[in-house]
Amino acid sequence: MAPDYDLVVVGAGAAGLLAAVAARRLGNTVLVVEADHLAGGSTAVSDGQLWLPANHLMAKLAPDSTTDAQTYLDALLGPTTAASSAERRSAYARTAAKLARWLTQSNVPLAAVKGLPDHRPDLPGGKPQGRVLATSPLERRVLGEWAASLRPGEGGGRGGLRRFLPGRRTTQTAGEALAGHLLHRATANGVELWLDSPVVGLLAEGNTVTGVVVRRASADHPVTATRVLLASGGFEANQGLREEYLPLPTDAAWSTSAASNVGELLNLAIAHGAATSGLDDAWWIPVMRAEGSAWSLDEVRARPHCVIVDSAGDRFFDECAPANAAGRALYERSRGVRAVPSYLVLDNRHRQTVPLGPWPAGSTPRKALDAGEIVKAGSLNDLAQALGIDRAGLLGSMVRFNGFAGKGKDLDFSRGEGVWKGSAGEHGKRRNPSLGKVDKSPFWAVKVYPGDAGTKGGLLIDANSRVLGTDGAVVPGLYACGGAAASLFPGTSPAPGAALGAALVEAFLAATHRQDA
Ligand SMILES: Cc1cc2nc3c(=O)[nH]c(=O)nc-3n(C[C@H](O)[C@H](O)[C@H](O)COP(=O)(O)OP(=O)(O)OC[C@H]3O[C@@H](n4cnc5c(N)ncnc54)[C@H](O)[C@@H]3O)c2cc1C
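The model shown is predicted, which means the values in this text are computed figures rather than measured ones.

## A closer look at the overall build of the protein
Link 1 in the chain: When you go through the protein residue by residue, the secondary structure sums to 15 helices and 21 strands.
Link 2 in the chain: Relative to the compact-globule value of 24 Å for 517 residues, the protein shows a C-alpha radius of gyration of 23 Å, a close match.
Link 3 in the chain: Each principal axis of the C-alpha distribution contributes one length, and for the protein these read about 75 × 50 × 45 Å.
Link 4 in the chain: Intrachain contacts of the protein at a sequence separation of at least 6 include 73% that bridge at least 24 residues.
Link 5 in the chain: Working note: accessible area of the protein is about 19500 Å², and carbon and sulfur atoms make up 51% of it.
Link 6 in the chain: Computing the positive centroid from 53 side-chain charges and the negative centroid from 49, the protein places the two 7 Å apart.

## A word on the domain arrangement of the protein
Link 1 in the chain: Splitting the protein by domain gives domain 1 (5–13 + 27–229 + 456–499) and domain 2 (288–451).
Link 2 in the chain: Here the C-alpha centroids of domain 1 and domain 2 sit 33 Å apart.

## Points about the pattern of salt bridges
Link 1 in the chain: What the rule picks out here adds up to 23 salt bridges.
Link 2 in the chain: Between Arg89 and Asp74 there is a salt bridge whose closest N-O contact spans 3.0 Å. With Arg89 in helix α4 (residues 86–105) and Asp74 in helix α3 (residues 66–77), this residue pair connects regions lying 15 residues apart in the sequence.
Link 3 in the chain: Assessed through its relative accessible area of 1%, Arg89 is described here as buried.
Link 4 in the chain: You can call Asp74 partly exposed: its relative accessible area is 33%.
Link 5 in the chain: Arg328 serves as the salt-bridge partner of Glu332, at 3.9 Å between the closest nitrogen and oxygen. Here Glu332 pairs with Arg328, and both are found in helix α9 (residues 323–333), just four residues apart, close to one helical turn.
Link 6 in the chain: For Glu332, a relative accessible area of 42% gives the class partly exposed.

## Regarding the site of the ligand
Link 1 in the chain: Close to the ligand lie 36 residues; Glu34, Thr43, Ser260, Asn261 and Leu500 are nearest.
Link 2 in the chain: With respect to the ligand, the backbone of Ala15 contributes an N or O atom lying 3.0 Å from an oxygen atom.
Link 3 in the chain: In this structure, an oxygen atom belonging to the ligand sits 3.0 Å away from a main-chain N or O atom of Gly483.
Link 4 in the chain: Coverage of the ligand by the protein amounts to 95% of the 1000 Å² it exposes when considered alone.

## Points about the packing of helix α1 (residues 14–25) against α4
Link 1 in the chain: Running from N to C, α1 and α4 cross one another at 75 degrees; their axes reach a closest spacing of 12 Å. Judged on the interaxial angle alone, α4 and α1 are roughly perpendicular. Across the interface between the two elements, Leu18, Val21, Ala22 and Arg25 from α1 touch Leu99, Trp102, Leu103 and Gln105 from α4.

## Quick look at the nonpolar core
Link 1 in the chain: Core analysis: the biggest nonpolar cluster contains 70 residues, and Leu18, Leu52, Tyr92, Leu99, Leu103 and Phe489 have the highest contact counts within it.
Link 2 in the chain: The biggest single contributor to this core is helix α15 (residues 498–512), with 11 residues.
Link 3 in the chain: When residues no more than four places from it in sequence are discounted, the contact partners of Leu18 are Leu99, Trp102, Leu103, Leu182, Leu504, Ala507 and Phe508.
Link 4 in the chain: Listed in part, the 66 residues of the second largest apolar core include Val228, Ile374, Val448 and Ala485.

Calculation rules
- Residues numbered from 1 in each chain as written.
- Predicted model: local features only at pLDDT ≥ 70, side-chain atom pairs only at ≥ 80, totals over all residues.
- Heavy atoms only, no water.
- Helix = DSSP H or I, 4+ residues; strand = E, 2+ residues; numbered from the N terminus.
- Rg over C-alpha atoms; globule rule 2.2 N^0.38 Å.
- Contact = heavy atoms within 4.5 Å.
- Areas by Shrake-Rupley, 256 points an atom, 1.4 Å probe, with all protein chains shown as cover.
- Lys, Arg positive; Asp, Glu negative; His and termini not counted.
- Charge placed at Lys NZ, Arg CZ, Asp CG, Glu CD.
- Domains from an automatic or database assignment.
- Salt bridge = Lys/Arg side-chain N within 4 Å of Asp/Glu carboxyl O.
- Buried < 20%, exposed > 50% of the residue type's maximum accessible area, 1.4 Å probe, protein only.
- Near = heavy atom within 4 Å.
- Polar contact = N/O pair within 3.5 Å; in protein donor to acceptor, adjacent residues only side chain to side chain.
- Axes fitted to C-alpha atoms, helices over the stretch in contact; angles between N-to-C directions.
- Parallel < 35°, antiparallel > 145°, perpendicular 65-115°, else oblique.
- Core = buried A, V, L, I, M, F, W, Y, C linked by side-chain atoms within 4.5 Å.

In structure tokens form, the structure reads like this:
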């Protein structure tokens with residue numbers, strides 16, 4: 001009997017929706033099943049930036065080529081590994097530009113984000129800007145009957161530039177716009193989408209995956225397909241899996257990602273013989289907790305008049321470091337001294353001028369102070385006491401740091417130097433955009449946790465996004481991409497937008513892979 005669909009996609013984030021559109025455009029019948037009652041996944045709450053090297057929109061910003069992209073990946077990633085194979089790197093470098101053009105031609109409007117460099121523009125093939133793209137805003141009403149079925153974003157992201165937009169927005173930006181554009185393309189082009197429909201099992205004949213079991217209205221339905229693509233995100237919302245695989249301590253409450261990413265498909269695929277890689281890794285991002293959510297500190301920590309210290313009161317990394325490196329730094333530090341949590345210490349100039357978590361600049365609710373979400377003190381000495389951290393350590397660190405800030409040069413961690421670091425901080429006012437003394441009372445502090453924007457390990461895939469078994473052979477019929485797959489960039493990140501860039505490239509490769517090729 002013929003299968004019900006040519007392709008069943010599990011998960012309606014950017015990766016799943018893009019694969020669905022691409023496969024549909026090739027004439028396939030496609031069903032997307034989504035566990036949540038809303039489409040969009042973590043993508044919708046993300047900043048929506050895509051790292052697509054050699055794209056056609058960057059010509060005026062920086063000359064680029066597939067060769068440069070490949071050179072950069074090899075220089076950054078070093079020796080190849082099972083997840084970061086030569087074939088996958090090459091597929092990424094070749095496909096990124098093609099995908100950018102395909103998105104534009106598919107009415108998903110893109111623009112290059114000016115001034116955003118690779119994380120290591122100093123490496124061979126690295127670029128100072130142009131490789132990071134973002135989608136144009138989207139009017140929610142164009143989604144028609146699906147308008148209410150798109151997960152709302154955060155007005156620029158809990159993870160990034162929160163914009164404190166008043167009232168109800170009708171124009172979607174950032175990751176919400178990306179997911180919205182793809183949802184629109186999918187539903188307008190004949191992709192079938194079932195919401196509230198978690199996949200709870202895989203169908204198989206021998207080693208070959210032949211479909212999925214979908215739970216709808218409390219009943220389980222088998223759905224057969226020639227191919228199954230797992231685009232079901234990572235396991236960041238599953239505390240049990242976090243404790244099993246990620247460095248400790250860990251807490252699902254530190255993740256800025258979608259609560260519906262519980263990693264069920266990871267377990268199902270493992271039970272079917274799939275190989276995994278990098279399950280101890282995540283897209284690390286230092287966060288604070290307030291009002292029941294995790295909030296990225298990326299914008300905050302790069303600004304002048306703040307530092308991050310461990311429980312000994314010592315600084316231990318460049319506060320301007322890219323998110324992934326900064327998050328890892330907390331775990332690395334905690335091998336020697338308690339650094340989870342660490343503490344972001346800021347002076348009143350910072351608090352008066354920079355939004356922090358849910359709080360606008362200059363406004364810190366009493367209830368946040370009472371709940372201990374933020375601590376305030378008249379002196380650094382009192383602040384250390386209130387935090388329960390080493391007073392002498394903190395005072396010594398601040399004397400040293402303020403000396404560096406006065407001279408505009410951080411001799412310990414080179415904060416605010418270099419092309420990447422120079423893109424953060426406060427421009428136009430100072431020699432070093434992220435260095436400013438922490439010496440104006442009152443002083444403030446929040447706890448800093450090694451949060452994440454999703455887990456990074458997952459199912460091992462080949463250059464066509466086919467899942468590989470523990471025996472090294474392809475698992476017939478089964479593909480994975482994005483958060484569900486083991487990242488091509490273990491232990492590092494090439495640039496902002498690398499997670500979504502890779503998710504979309506892998507989805508595109510899966511959707512366009514010819515099984516008979
Ligand atoms: C705040 C924030 C900001 C970020 N900003 C960026 C950025 O600017 N650039 C970047 O590259 N990355 C960014 N990221 C990371 C990026 O959002 C993710 O890596 C990306 O969205 C993953 O896409 P995906 O399609 O694989 O997964 P998701 O978008 O998470 O979609 C997975 C979907 O699968 C569904 N699902 C899970 N289990 C099942 C099941 N059993 N059955 C059916 N459906 C299931 C989920 O409900 C979800 O809708 C950010 C992340 C966060 C949290």
